[in-house]
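Tertiary structure, described
Given next are the chains, with one letter for each unit.
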Amino acid sequence: MTALNRSTRRRLQQLRQLPSVWEGDRRAISPRVAASIEPDANMRGECILWVDGSEAMVRAMDVVPAETGPEAIVRTLIRAMETPHASISPGRPQKIVVCNREIQFFLRGVLQDLGITIDYVQTLPLIDEIFRGLQEIATSRQPQLPPEQAETLMEAALAIWNDAPWEALDEEKILSIELNYGDVGTLYVSILGMLGVEYGILMYRSLDSLKHFRQQVLLANDSPKRMEEAFLEQDCFFVTFDQLEDSEGFEEADEEMDGAFVEMGIRPSFGNLHPLEGLRPSLYEEEAIAVLVALTALHRFLQQHQKTLNTGEFPALSSRYRVPDSAHSKTKVSVTVATMPDLAEELFQMSTDSDFDDLYEVLQNQAPVLRDDLIPSDAFFSLGAMSWEVVEYLRLGAKHHQPAEEEFPTKSDGFPVILIQTSRPKAIALIEQLQAAGGLESICFNPGKDPLADKSYDLGILKTQNGEMHLFGEFEEDDPVHIAARKKWDQRCKKTKGFCGLVIARGLKGASRGKPEFKDMMALFETRSLSPKELGLGTLEMMPQLE
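In this text, all values refer to a predicted model and were calculated from it rather than measured experimentally.

Turning our attention to the overall build of the protein chain. The secondary structure content of the protein chain amounts to 17 helices and 23 strands. The buried share of the protein chain, reckoned over its 547 residues, is 48%. Entry remark: accessible area of the protein chain is about 27900 Å², with carbon and sulfur atoms responsible for 50%.

And the structure:
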């Protein structure tokens, strides 16, 4: 049985002991319930819950894969004691009650010397009530699609997926779909996927929204903050096709998901974007009917003009179709689908316009020496070391590996690495950005200063092969934890002759935060560690930036 470290035991013993009884348990939950707790946790798993029975307050909650060992319940318990939810004070309970004998015996062994009584009871009323509430919330959640249109919309989406319009049309080659159905007049369709990054259909409710978004993207100049703002200002319906992984559990796909998509490992997502409403990953009935009519007409158009579109040309084409109205079985909707070659040329010119080139140059000249737009704002990062065995596994099994430019000693107690952990999509984007920059040239720490706050920092910097430098972390200069971590980092780098690594992992939430499993590690970049003198920047001062 794994025991607590002595230092951890001493730390927990120093916590104030509360005159309270805590309930603890782990229970199987469906992907729908898991997603209601943690939006990124769309999996068949288990929920670990620790509740202060005396105060009727949840102290800590985690969603973990079902196969996770009993150690997970201890990790959540330690968090419940040291860093509980909301404004609850840290502390350790006087007594713990569980309704599982195995959990009781395991906790008795692990929590020795902490002065906590661990008892078995047949029922946990408070936790039972909380799980009933979670189930009710999950089942009452707005479904992605109305039940009456779910099946036919999935069939329409599958038809579009098989048409693969992104093989012939890029985002600038816009199609208009004039349906005049309900509140929807004409939809302007932009196809995503020619670059092989993200596949989907955007159906703008106005030309103004489409053009405004294109302009904002050009002005964003790859700034994640500006890109996010531009994204949320769109006014459109969308259908996207996301790749699933085996770990997401195909066997319990959403009830709306078509079996054909499950076999292909694709998850279709429907939704709505509006500047005032934001992103809504669902369609209401009127919206669903309009999207269904539009997709059906689009599929017919793609089938009819496939040969012409596949030539790479984008001539003026227009066709009218009579599409069934799912709301009225005996009526049909007259829909006209057409290409918009003049608009395509306008959008192309917009992206190459000299005014935007001048703007890019101005923005580039204003760019700071140190950029802070590479690492996702919600990412977890840390300094540490990785066993040489895991390094070898990553060299062979990671989705991306940048090898060191030469062999180096492996005599230290581990390979010094920077861990950056974020969500899977953001991890993929981060890896692609590093690859586009030619790879990672070095990892550096450099002194920094905020004159306004009169604070000094140790700045963590990633330098890419194209010469750009990106901030990944700000560490207060007098932070004893960071001082110790930097000391170990420098010692290990000395033993590896200056070689170190960057690990990019997925799994930002839950028990894996800060402790990713091997399957969560997506990339290993082996590189060099530079000293502030070698970097040659001197002390960097924080300057106000233009929004």
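Within a sheet, neighbouring strands are paired by backbone hydrogen bonds and run either parallel or antiparallel to one another. The strand order 3-2-1-4-5 describes an open sheet built from five strands, whose pairing is mixed. In this open sheet, the two strands that pair with only one neighbour each are strand 3 (57-65) and strand 5 (117-120). Each strand of the sheet is rotated relative to its neighbour by a mean of 20 degrees, with strand direction disregarded. Relative to strand 4 (residues 92-98), strand 1 (residues 17-29) is paired through five bridges, and the arrangement is parallel. Bridge pairing in strand 4 links Trp22 to Ile96. Taken strand by strand, helix 3 (residues 71-82) contacts strand 1, strand 2 (45-52), strand 3 and strand 4, and its axis lies near 150 degrees from that of strand 3. Running at roughly 165 degrees to strand 5, helix 4 (residues 101-110) makes contact with strand 1, strand 2, strand 4 and strand 5 of the sheet.

This next bit is on the confidence of the model for the protein chain. Regions with low pLDDT carry predicted coordinates that are not meant to be interpreted in detail. Mean pLDDT over the protein chain works out to 84, with 87% of the residues at or above the 70 mark. Predicted confidence is poor over residues 354-368, with pLDDT under 50, and the contacts of this stretch with residues over four places away or in other chains come to twelve contacts.

Inspection of every chain in the model, using the stated rule, returns 16 aromatic pairs. Ring geometry for Trp161 against Tyr199: centres 5.7 Å apart, planes inclined by 80 degrees, an arrangement best described as edge-to-face. You can see Trp161 sitting in helix 6 (residues 147-163) and its partner Tyr199 sitting in strand 8 (residues 199-204), a full 38 residues away along the chain. Taking the centre distance of 5.2 Å and the plane angle of 50 degrees together, the rings of Trp161 and Phe241 count as tilted. Taken as a pair, Trp161 in helix 6 and Phe241 in strand 9 (residues 236-243) lie far apart in primary sequence, 80 residues in all.

About the criteria used
All residue numbers refer to position in the chain's written sequence, counted from 1. The predicted origin of the model limits local features to residues at a pLDDT of at least 70 and limits the giving and counting of side-chain atom pairs to 80 or more, whereas totals for whole chains, interfaces and linings rest on all residues. Where side-chain values are given, they derive from all heavy atoms of the structure, hydrogens and water being excluded. In DSSP terms, a helix is any run of H or I states spanning at least four residues, a strand is any run of E spanning at least two, and both are numbered starting from the N terminus. Burial classification: accessible surface area is computed with a 1.4 Å probe over protein chains only, and a residue below 20% of its type maximum counts as buried, one above 50% as exposed, and the rest as partly exposed. Each accessible area is a Shrake-Rupley result for a 1.4 Å probe, and residues are judged covered by the shown protein chains and nothing else. Here, any two strands with at least 2 DSSP bridges between them count as paired. Helix axes use the C-alpha atoms of the stretch in contact, all axes being lines fitted to C-alpha atoms, and the angles between their N-to-C directions lie in the range 0 to 180 degrees. For this analysis, residues touch if any pair of their heavy atoms sits within 4.5 Å. Confidence per residue, as judged by the predictor, is encoded in pLDDT with a range of 0 to 100. Note on aromatic pairs: the rings of Phe, Tyr and Trp (six-membered ring only in Trp) are paired at centre separations within 6.5 Å, and the planes decide the class, stacked below 30 degrees, edge-to-face beyond 60, tilted for the rest.

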